[in-house]
Each structure stands twice: as C-alpha cells, then as structure tokens.
Amino acid sequence: MHRLRQPVTLMLLLLTLAACDRQSSTNSPLLPGSGPGAAALPGVKLLNVSYDPTRELYQDYNAAFAEYWKKQTGQEVHIEMSHGGAGKQARAVIDGLPADVVTLALAYDIDEIAARTRYIPADWQSRLPQRSAPYTSTIVFLVRKGNPRKIQDWDDLIRDDIQVITPNPQTSGGARWNYLAAWAFVLQRELGDLSKLADPACADQVSMAEAKAEAFVTELFRHVPVLDSGARGSTNTFVQRGLGDVLLAWENEAFLASNELGPDKFDIVAPPISMLAEPPVTLVDHWADEHGVREVADAYLAYLYSPQGQKIVAKHYYRPTSPQYADPEDMSRFPDLKRVTIDQITAGGGWPVAQKRHFSEGGIFERMYQP
Amino acid sequence: MAGAASLHARATIVQPRAIAEPKLVRWTLIGTTLAFLSLFLFVPLAAVFYEALRKGLSAYLHSFTDPAALAAIKLTLLAAGIAVPVNLVFGLAASWAIAKFQFRGKHLLITLIDLPFAVSPVVSGMIYVLLYGANGYLGPWLIAHNVQIIFALPGIVLATVFVTFPFVAREVIPLMQSQGTQEEQAAMTLGASGWQTFWRVTLPGVKWAMLYGVILSNARAMGEFGAVSVVSGHIRGKTNTMPLHVEILYNEYNFVAAFAVASLLALLALATLGLKTLVEWRSAVALAQAEANPVVQEKAS
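This text gives an overview of the structure that appears in the document.

Here is what the cut-offs are and how they apply
- Residue positions are counted from 1 within each chain, in the order its sequence is given.
- Written order determines the labels here, with chains lettered from A and ligands numbered from 1.
- Since the coordinates come from a predicted model, pLDDT governs what is reported: local features require at least 70, and pairs of side-chain atoms require 80 or more to be given and counted, while whole-chain, interface and lining totals use all residues.
- Calculation of side-chain values draws on the structure's entire complement of heavy atoms; hydrogens and water are dropped beforehand.
- Note on conventions: DSSP H or I runs of at least 4 residues are helices, E runs of at least 2 residues are strands, and numbering of each starts at the N terminus.
- Buried, partly exposed and exposed residues are distinguished by accessible area as a fraction of the type maximum, computed with a 1.4 Å probe on protein chains only: under 20%, between the cut-offs, and over 50%, respectively.
- The criterion used for residue contact is that any of the two residues' heavy atoms lie within 4.5 Å.
- Each accessible area value is a Shrake-Rupley result obtained with a 1.4 Å probe; residue values ignore everything except the protein chains displayed when judging cover.
- Polar contacts, as used here, are pairs of N or O atoms within 3.5 Å; protein pairs need one atom able to donate a hydrogen and one able to accept it. Residues neighboring in sequence count only if both atoms are side-chain atoms.
- For Phe, Tyr and Trp, where Trp contributes only its six-membered ring, two rings pair if their centres lie within 6.5 Å, and the inter-plane angle classes them as stacked under 30 degrees, edge-to-face over 60, or tilted in between.
- Charges are assigned to positions over rings by a cutoff of 6 Å between ring centre and Lys NZ or Arg CZ, combined with an angular limit of 35 degrees from the ring normal.
- Salt-bridge detection follows one rule: a side-chain nitrogen of Lys or Arg within 4 Å of a carboxyl oxygen of Asp or Glu.
- A pair of strands counts as paired when DSSP detects no fewer than two bridges linking them.
- Note on definitions: angles span 0 to 180 degrees between N-to-C directions of axes, and those axes are lines fitted to C-alpha atoms, for helices only across the stretch in contact.

**What about the overall build of chain B?**
Thought 1: Per the secondary structure count, chain B includes 15 helices and 0 strands.
Thought 2: Each of the three principal axes of chain B carries a C-alpha extent, and together these read 60 × 60 × 30 Å.
Thought 3: A burial count over chain B gives 42% of its 301 residues as buried.
Thought 4: Considering only contacts within chain B whose residues lie at least 6 apart along the sequence, 71% involve residues at least 24 apart.
Thought 5: Surface accessibility of chain B: about 16000 Å² in total, with carbon and sulfur atoms responsible for 69%.

**Topic: the side chain of T54 of chain A**
Residues and elements named next belong to chain A.
Thought 1: The residue T54 is located in the loop between β1 (44-50) and α2 (55-73) in this model.
Thought 2: Within the structure, the side chain of T54 is placed 3.1 Å from the backbone oxygen of Y51, a separation counted as a polar contact.
Thought 3: Of the polar contacts made by the side chain of T54, one reaches the side chain of H83; its length is 3.4 Å.
Thought 4: In this structure, T54 is in contact with H83, Y135 and Y318, ignoring residues within four places of it in sequence.

**Digging into the packing of aromatic side chains**
All names here are of chain A.
Thought 1: Scanning all chains against the criterion turns up 39 aromatic pairs over all chains.
Thought 2: Aromatic side chains Y135 and Y318 sit 4.8 Å apart centroid to centroid with 55 degrees between the ring planes, which places their arrangement in the tilted category. Of the two residues, Y135 is situated in strand β4 (residues 135-136) and Y318 in the loop between α11 (307-315) and β11 (319-320); the sequence distance between them amounts to 183 residues.
Thought 3: These aromatic residues form a ring-pair network of at least three members: Y58, Y61, F65, Y68, W69, Y300 and Y303.
Thought 4: Across from the ring centre of F359, 6.0 Å away, lies the NZ or CZ of R176, which sits over that ring.

**Quick word on the pattern of salt bridges**
All names here are of chain A.
Thought 1: Taken as a whole and assessed by the stated rule, the structure comprises 35 salt bridges over all chains.
Thought 2: One salt bridge in this structure joins R91 and D95, with 3.2 Å as the shortest N-O distance.
Thought 3: For R91, a relative accessible area of 26% gives the class partly exposed.
Thought 4: A residue is classified by how much of its surface remains accessible, and D95, at 7% relative accessible area, is buried.
Thought 5: Connected via shared salt-bridge partners are R149, D156, R159, D161 and D245.

**A word on the sheet that holds strand β10 (residues 281-283) of chain A**
Residues and elements named next belong to chain A.
Thought 1: Across the sheet, 4 strands lie side by side as β2-β1-β3-β10; this open sheet has mixed pairing. Among the strands making up the open sheet, the edge pair consists of β2 (77-82) and β10. Between one strand and the next, the sheet's axes are offset by a mean angle of 20 degrees, whatever the strand orientation.
Thought 2: In terms of strand pairing, β1 meets β2 through 6 bridges, oriented parallel. Bridged to K45 within β2 is H78.
Thought 3: Along the sheet, helix α10 (residues 294-302) makes contact with β1, β2, β3 (101-103) and β10, crossing β10 at roughly 165 degrees.

Structure follows, in structure tokens:
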C-alpha cells in the first residue's frame, strides 16, 4: 500500500475530484442496510469472509448451521459469504470489510489482520481447538485422464516436457502451500529427517539441502506458463483452457474439479510427501461486537468442530480433524500420503518465518521468479 | 462525431466511379474486416448466448430466480441509476462553464474531466480504498461516525461515478463550443433570465449530444468491473454487481448461470447500442434540417 502513496500530486488531484463526488453520493440514502434484500431478512446476519475453494463447503454448512441455530434458539440466521484469494480477502478485512468471522487459507493471513488492526487479538490461534483449524487439507496433483505424462512425484514436475499450473504465491494462499510442499520434498529427500533443520550440529547439511531446495523450486517455476492470482483461476486455466500437464491444487479443489467437470477427464495423483495445510478460522471480535453477533458467530465456528460440521467438511473433500464423525465412505476417498507441517520445515518458526524468507519483498520467490 | 459518420456514408454513395478503388481491393478490405469482426465480435457474442442456452431455456430462466443473481441485477441498476444522473448534472454544468465562459484554469478542468479515461479502473478503485478504507485518510472518522463507504453501496456508486465521469461532458463540450454564445446573447437581450436561457436555448441545442453521453455512460456504468471489484468486498447477494456476479458464477463452475447473467449484460448492451443508433439518427436528422433550413430554425427559436 505504501507504494501507492508516493505520487502525492496525483493523489491530490484525485482528492479534489473525489470531494465533488462524495458530496453527491453521501447525501443520497445509501447507508448500508438499505441494500438489496436487507429488509426481507429478519433475525441476525453474519458475514463470513473466506478464501477461494470453500464456496461449496460453506454453502452447505451455512444451511446446516442456520437450521441448527433455529432449532436451538428460534432465531433466524442468514450468513453472507465473500470469497476470493486469501491474501486479497485478508487485505479487504484490514481495509474495513466488516467480517464477523474469517475462514482463510493460512494462519499468516489472519496474523496479518491481527497485526495491522485491532480487530483480532494476537493470540487468536489458541482460542479454538486444533490451532483453530477445524479441517485440514493437502496439496495434490491433478493430471489429465490416465496420467499420460506419468507424473508420480515432485521430481517429475521438472522434466523437460512438463508444464505445471499453479497460482501466484504472492497473492494466493494455496500457491504458498504448493511452493512449500515442493520445498519440503527436497528437504526430506536431502536430509531424511526434518528434525535436523532445528539441530545446530547439522547446519552444513541443512544449508546444502536448502540450496538444493531453492534450485528445485526455481526450476519448478520455470515450468509454469501462467501464474493466476487465485486457486480458482488456476483450476480454470488447467480445466477450461486446457493449459499444462499438471495442476498443483488443494486436495478439495482437485476432487471438486474432477468430479464436477468430468471424472473421465482428470485423475488425482497424490505425491508421496506433501504439506499438512491447516486453513484456520476465527472470530473478528471488533465487528462481531459492533454488530452484536458474538454469540451466534462463536456458535457458528464451534459447530464446525461438531459431528455434524465434521461430516459436512469431509463431504466437501476437506480432511476433518475428528475423522470418527465423518462418513467412512467420504474418508476412504482421501489418498494416503505423508504430510509435513509448516513448523517442521521452518524449524518451528511457522508462517512468519516462511513468509519472510520465501514470499516477502526480496524473498526467495521474488528473487528467483522471472516470467 | 455521429453526424460526421453518416455524412461520410452518404458521400460514398454519390462518389464518382473513377476515384473508387478496384473491386479486388474493396472486397479484400471488406472481407478482412468481416472476418475480423466475426472472430472478435460476432462469434464471441453468439457464444455467450449459446453457452447460456446450452441446457435449455428453463435452465436459462432458472438462473434468474437465484436471489443472488436478482440482487446483483438490482444493485447494478441502482448504481447506474444513481451514477448516470449525477454525471448528467455534473457533465452539463461543466460543459456550460467550459464552453460559454472564459476563466483561469479552464484547461486544467478539461484535463481533470478526462482523468478517469486515463487512469486504470483498478487504480480508481484503490484510490477510494485508500481514502475511505479503514486505514485510509478518512477511514477513522468514518468508522467513528458509523458510515460504511467501502465494501458497501456508496463505494460502488463512487467508483461507478468516477469511471463514467467524462462521458456526458466529453460529448456536450464540443457541440456547445461550436454553437458559440450568440443565441444565448440574443435571448438575454430579449429579456430572458439565466435559467430561461439555459432551458430554452442552450439545452435544446445540445439535447442529442447529451442523450448520447447518457447512453454511453450508462453502458459503462452497468458494465464496469475493475474499479467496482476493488471496492465491492464481493459479498454475495449484497455487494456483487452483475459483472462481478458473472465472474463468481464462472469460478463456481456454474457456467449456464454465468453465461445467462452475461447474456443479460450483453442484451442490455445491445439495447444501448440500438438506442445509441436511434439517437445518432435523430441528431443527424436534426442537424440536416438545421443546415438545410436555417431560416425556419431561427423563426422557431
């Protein structure tokens, strides 16, 4: 944002313009609540700001929760949804999008909101079980039917003839998981044991492994013909436009794409190792209190952990944190693969460390990626 | 501009054969143009309707029963319904000032009016986030007074007003300038007041240009994506305009509904084009009459 503030003169010109504008529109009866549909809905309203691939999940879950809440309290609850790339959505909340709850792709996005506003306390992640992640996911490969290019593992992605589709890690949470999964693959192969990352005695071995990992992701992104800004954009590029040989995707996104758009067109390949992605959820205290909906918003998030919530989660191809509540048939769809956590590959540093090292300005991604 | 185009058309018909291009050249040019237009305009437009009707008329119509789609249509019409009149008033006032009066900073004002054409819509959206967003210059004050501009209707209207800013003024200014101030001066000497002069002399003279500007700005207002996308917040059924809703539906693999809403936008655009052609034709007729029969025109005024 600070980049934008530099051309002050241009801004001043625009300010003048905006001032004339504002006059005319704020005088009109435009305050929020007078928007379409507002009067028709009694009861209480919640705004859930989420990331891209959760659309179908929350469509289902919202209906189930509304029914549950009605039964519990007799109150009608209407949940409004906003979807987009996780980074963009976090930015919108920071800029004032009045979300009562956020359900984003990675903890870092919520950390950003907590750090830049006073809407969420810094210790938000300890407020709900499982580090505030009611469901987990992972990164898999979506390939054309029959896997014509014989893609089985991360190594195969950098073969000469392979084109890889993934979104941009600087704007998409999913893409950051993709990138880190590739990174984790090399570290695991080179070190054999990820706990060496935190061991000062292995420093030399670690720095060699990391150099190899950096070379690998650099090579990987040379195979990417187009970087979309969000996960859905990439899926559409691969599925609709037919670009690329393999799509690096959220597991749920891969399932959804292959089931919705023709099981005869795509196969899912689970690499032997990938990331344990924990998309977290939390209450935005400031707005929930402002709107007077803290109680229902809390219940909304808690219900995600309930047997009913977990069942819906599994149905939409997210891995439930309490698998015993899910339909065994849904559970059987998930391939078996080793999933490593963000803490494991950052020696306990977590997202702040990963973000700074890989995706911030001057980070590895920015240095190595040349379109 | 409109009048000039149809005058050209007429001029071609009476052109002597001797200075016409050879047949081969003419047909090559026409053929290339048609091929280009088909590939880039007609086929894509047809594809929108084809995709929308792919699963039959009932699936097509069903797309419009979705409350979120209806809300998007309503919001688009509402935003355009506010933005266009605002810009009509502004555009007329600015044109009047620029064409009929001399003042310092006139050229700066003309440049400012053109600014929205030059600035990318995304940037114009961001400007409003920067101004009215929670961390913007005016954000804290707005929050303290419980006024939501960004991610709500006012923000969408502001962004729409901004991108449709120049249309009316750009159409009206050249005409007003070419008409000069004699008629107004005559009206004044005959005892008309400022308002009377404006309503009875100035406005009738630029009526068609004004309407043309209104139509263009309405088309842009309903179709705007970039600027509105930045300030919308994408709340389904609440702050999604039609273009944004099309994108959302497309991203949800709901292609029939996406193209159905897109086809509605296309139909609105076609209706706009029809209206525009009508206005062009009427204004050309009015112009031709005035030129052919200046005496009648004078008597009438």
